[in-house]
Amino acid sequence: KIEWRDPREPYRTLKVMRETLKSVYEKYMFIGPPLFPEQKFKTAVMSDRGIFYFTGRFDEVRIGDERFVIRDHKSGLHMPETEELAENEQFTIYALGLSSLIENGNLERMIRNLQNPDNVKEKALKMAQELRGLKLVEIARTLDLEYHRMRTGEIISVPRRTAENFENLLAKVSEAERKISE
């Protein structure tokens, strides 16, 4: 049972939910469905610090202008600055996750099994095949990242991942692992 702070809170919450759903519905009626909604991933990254395993789920993967796009949906009130998104580890992990699916050929198999129109499947397959020979981090640097603020429908472009993003992520994970081991 939900314990509301005051008697009007359920109605305010319902209003926000309706507005958010309307915003999302209108946005997706205009831009169309993603290639993959709610897609799981698992990846391993080797570095001089060791092997790190990451698992997660993308909110959506779609085809942009000749690039794959990872879009993360957010429903909260917080609106991050571009600098904050540029350093956000979640997007770095997402980029590595999709890169792993491309690198090991799983994305091509997944695309072939889609129910999307053939022209969408052909474009996605071509894009995946062009990237497949690259290393994991090289693929990750080519991906577009987006932050979808669901309450307003606003989609914010997130800076592409850089070598510094990957190094920072591995340093933080390595430090966390060290602290846990103590």
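Residues numbered from 1 in each chain as written. Predicted model: local features only at pLDDT ≥ 70, side-chain atom pairs only at ≥ 80, totals over all residues. Heavy atoms only, no water.

Regarding the overall build of the protein chain
Logical step 1: Assigned secondary structure in the protein chain consists of seven helices and five strands.
Logical step 2: Sequence-ordered secondary structure for the protein chain, helices as α and strands as β, is α-β-β-β-α-α-α-α-α-β-β-α.
Logical step 3: Taken along its principal axes, the extent of the C-alpha atoms in the protein chain is 55 × 55 × 30 Å.
Logical step 4: Within the protein chain, the fraction of its 182 residues that count as buried is 40%.
Logical step 5: Taking the intrachain contacts of the protein chain between residues at least 6 apart in sequence as the baseline, contacts between residues at least 24 apart amount to 67%.
Logical step 6: Of the roughly 11,400 Å² that the protein chain leaves accessible, carbon and sulfur atoms contribute 52%.
Logical step 7: Between the averaged position of the 31 positive side-chain charges in the protein chain and that of its 31 negative side-chain charges there is a distance of 5 Å. (Helix = DSSP H or I, 4+ residues; strand = E, 2+ residues; numbered from the N terminus. Buried < 20%, exposed > 50% of the residue type's maximum accessible area, 1.4 Å probe, protein only. Contact = heavy atoms within 4.5 Å. Areas by Shrake-Rupley, 256 points an atom, 1.4 Å probe, with all protein chains shown as cover. Lys, Arg positive; Asp, Glu negative; His and termini not counted. Charge placed at Lys NZ, Arg CZ, Asp CG, Glu CD.)

Thoughts on the environment of Ala176
Logical step 1: Looking at the element boundaries, Ala176 is found in helix 7 (residues 163-181).
Logical step 2: Taking relative accessible area as the criterion, Ala176 reaches 36% and is therefore assigned partly exposed.
Logical step 3: Sequence separation between Ala176 and Gly56 is 120 residues, and the spatial gap between their C-alpha atoms is 18 Å.

What to know about the nonpolar core
Logical step 1: Phe36, Phe58, Phe68, Leu98, Ile102, Leu107 and Ile111 are the most contacted members of the largest nonpolar core, which totals 39 residues.
Logical step 2: Per element, the largest residue contribution to this core is eight residues, and it comes from helix 3 (residues 89-103). (Core = buried A, V, L, I, M, F, W, Y, C linked by side-chain atoms within 4.5 Å.)

Things to note about the packing of aromatic side chains
Aromatic rings in a pair are described by how distant their centres are and how their planes are angled relative to each other.
Logical step 1: For the coordinates displayed, the defined rule picks out four aromatic pairs.
Logical step 2: Ring geometry for Phe41 versus Phe58: centroids 4.6 Å apart, planes at 25°, classification stacked. Within this pair, whereas Phe41 is found in strand 1 (residues 36-47), its partner Phe58 is found in strand 2 (residues 50-63), the two being separated by 17 residues in sequence. The burial state of Phe41 is the same as that of Phe58; both residues are buried.
Logical step 3: An angle of 85° between the planes, with centres 6.2 Å apart, marks the rings of Phe41 and Tyr94 as edge-to-face. Separated by 53 residues along the polypeptide, Phe41 in strand 1 and Tyr94 in helix 3 bring together distant segments of the chain. In this pair, the class of Phe41 matches that of Tyr94, namely buried.
Logical step 4: A network of ring pairs unites the aromatic residues Phe41, Phe58, Phe91 and Tyr94 as a single cluster. (Phe/Tyr/Trp six-rings, centres within 6.5 Å; stacked < 30°, edge-to-face > 60°.)

Considering the sheet that holds strand 4 (residues 144-149)
Logical step 1: Read from one edge of the open sheet, five strands run 1-2-3-4-5, paired in mixed fashion. Looking at the sheet topology across the chains shown, the edges are occupied by strand 1 and strand 5 (154-158). Taking each pair of neighbouring strands and ignoring which way they run, the sheet shows an average axis angle of 40°.
Logical step 2: By the bridge criterion, four bridges tie strand 2 to strand 3 (residues 68-74) in an arrangement that is antiparallel. What sits directly across from Glu60, in strand 3, is Arg71.
Logical step 3: On top of the sheet, helix 7 reaches strand 1 and strand 2; it is set at about 130° to strand 2, its chief contact. (Pairing = 2+ DSSP bridges. Axes fitted to C-alpha atoms, helices over the stretch in contact; angles between N-to-C directions.)

Quick word on helix 1 (residues 9-31)
Logical step 1: For helix 1, which comprises 23 residues, the first-to-last C-alpha distance of 33 Å matches the rise-based estimate of 33 Å (1.5 Å per residue) to within 8%.
Logical step 2: Among the residues of helix 1, Glu9, Thr20, Ser23, Val24 and Tyr28 are the ones counted as buried.
Logical step 3: Residues of helix 1 that are buried in the fold lie against strand 2, strand 3 and strand 4.
Logical step 4: Just past helix 1, the residue Gly32 takes up positive phi, approximately 85°. (Expected span 1.5 Å × (residues − 1).)

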